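Listed below, chain by chain, are the residues.
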Amino acid sequence: MTEMIAVAVITVLAVISPGADFAMVVRNSYLYGRTTGLFAAAGVAAGVLVHVTYTMLGVGLLIAANTALFTAIKLVGAAYLVYIGLRTFFARGDVAVDLASKPQLSRFGALRTGFLTNALNPKTTLFVVATFTQVVGPGTPVWQQAGYGLFMSFAHLAWFGLVALFFSDSRLRTAMLRRQKVLNRAIGSVLVGLGVTLGFAR
């Protein structure tokens, strides 16, 4: 019971803490609408399962023990965050959003972006590996570990689904689009900052 509470608390705190996934879902939701935002949220949730899978297979222990491997994974994730951040920062400020026409970012594109954001996110790597290697005991049944992993993924889907619904509201989105260039620069700066910070973190 204590283990379940610990996993739940760590998961909730990790999900609601601002990060690259939040910035990406917000941007896709206000630029391209609710459906695209929800697909991005689903991609984020799917990305969590990548970390859960390799951690359950024991690779998480290898990453925790092998500094060079962990550093390589961290740098790849950090570089991706910087890349997405720079693209967002320098994005045109006059993107028109017409919900009656085909969105500029496809549903698959939104799903892929969300997936890659979390699959390559060092923050998510640390969260999942730390939870499984420090909270989940060696005697925890595999089915229970799988349940924890599914809960982590569902928590991301639920939270970022709400984020997508909120930031795709027509009135809020219209107001945000008027300040699109400033928002793109703010979100892009956050992403680049996260990438650089994580890249140089020891």
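I will try to describe carefully the structure that is included in this document. (Residues numbered from 1 in each chain as written. Predicted model: local features only at pLDDT ≥ 70, side-chain atom pairs only at ≥ 80, totals over all residues. Heavy atoms only, no water.)

### A few points about the overall build of the protein
Broken down by element type, the protein carries 10 helices and 0 strands. Listed N to C, the secondary structure of the protein is α-α-α-α-α-α-α-α-α-α in terms of helices and strands. Counting the 202 residues in the protein, one finds 42% classified as buried. Taking all contacts inside the protein whose residues are at least 6 apart in sequence as the whole, residues at least 24 apart take part in 87%. For the protein, the computed accessible surface area is about 10,500 Å², with 71% contributed by carbon and sulfur atoms. (Helix = DSSP H or I, 4+ residues; strand = E, 2+ residues; numbered from the N terminus. Buried < 20%, exposed > 50% of the residue type's maximum accessible area, 1.4 Å probe, protein only. Contact = heavy atoms within 4.5 Å. Areas by Shrake-Rupley, 256 points an atom, 1.4 Å probe, with all protein chains shown as cover.)

### A short note on the environment of glycine 33
Here glycine 33 lies in the loop between helix H2 (20-32) and helix H3 (34-56). The spatial distance from the C-alpha of glycine 33 to the C-alpha of leucine 105 is 10.0 Å, given a sequence separation of 72 residues.

### Examining the nonpolar core
Of all hydrophobic cores here, the largest spans 24 residues; its most connected members are Val25, Val26, Phe160, Val163, Ile187 and Leu191. Put simply, the parts of the chain that give this core at least two residues each are H2, H3, helix H5 (67-89), helix H8 (142-167) and helix H10 (180-200). In this structure valine 25 touches Gly37, Ala40, Ala41, Val44, Phe160, Val163 and Ala164, once residues within four positions along its chain are discounted. (Core = buried A, V, L, I, M, F, W, Y, C linked by side-chain atoms within 4.5 Å.)

### Quick look at the side chain of arginine 27
Take arginine 27: it is sitting in helix H2. Owing to a relative accessible area of 16%, arginine 27 belongs among the buried residues under this scheme. In contact with arginine 27, other than residues within four places in its own chain, are Tyr32, Thr88, Ala91, Asn184 and Ile187.

### A few points about the packing of H2 against H8
With their axes 8 Å apart at the nearest point, H2 and H8 run at an angle of 40 degrees to one another. For the crossing formed where H2 meets H8, the hand is right-handed. Of H8, the residues touching H2 (which contributes Asp21, Phe22, Val25, Val26, Ser29 and Tyr30) are His156, Trp159, Phe160, Val163, Ala164 and Phe167. Looking at side-chain class alone, the contact of H2 with H8 contains 9 nonpolar, 2 polar and 1 charged residues. (Axes fitted to C-alpha atoms, helices over the stretch in contact; angles between N-to-C directions. Left-handed = near helix turned anticlockwise from the far one by under 90°. Nonpolar A, V, L, I, M, F, W, Y, C, P; charged D, E, K, R; others polar.)

### Overview of the environment of phenylalanine 108
Here phenylalanine 108 is to be found in helix H6 (residues 107-119). Counting along the chain gives 72 residues from phenylalanine 108 to threonine 36, while the straight-line C-alpha distance between them is 8.9 Å.

### A word on the packing of aromatic side chains
Aromatic ring pairs are described here by two measures, namely the spacing of the ring centres and the angle between the planes. Applying the stated criterion to the full structure yields 3 aromatic pairs. Ring geometry for phenylalanine 22 and phenylalanine 167: centres 6.3 Å apart, planes at 85 degrees, overall edge-to-face. Here phenylalanine 22, found in helix H2, pairs with phenylalanine 167, found in helix H8; they are 145 residues apart in sequence, far enough to count as distant. Taking 5.0 Å as the distance between ring centres and 85 degrees as the angle between the ring planes, the aromatic pair formed by phenylalanine 166 and phenylalanine 167 counts as edge-to-face. For phenylalanine 167, a relative accessible area of 17% corresponds to the buried category. Three or more aromatic residues joined by ring pairs make a cluster, and in this case those are Phe22, Phe166 and Phe167. (Phe/Tyr/Trp six-rings, centres within 6.5 Å; stacked < 30°, edge-to-face > 60°.)

### A word on a nonpolar patch on the surface
Judged by side-chain polarity, Ile5, Val9, Val12, Leu13, Ile16 and Phe151 come together as a nonpolar surface patch covering roughly 510 Å² of accessible area. With 5 residues, the top contributor of residues to the nonpolar patch is helix H1 (residues 2-16). On the accessibility criterion, valine 9 (43% relative accessible area) is partly exposed. (Patch = residues over 30% accessible without salt bridge, like charges linked within 9 Å, V, L, I, M, F, W, Y side chains within 5 Å. Salt bridge = Lys/Arg side-chain N within 4 Å of Asp/Glu carboxyl O.)

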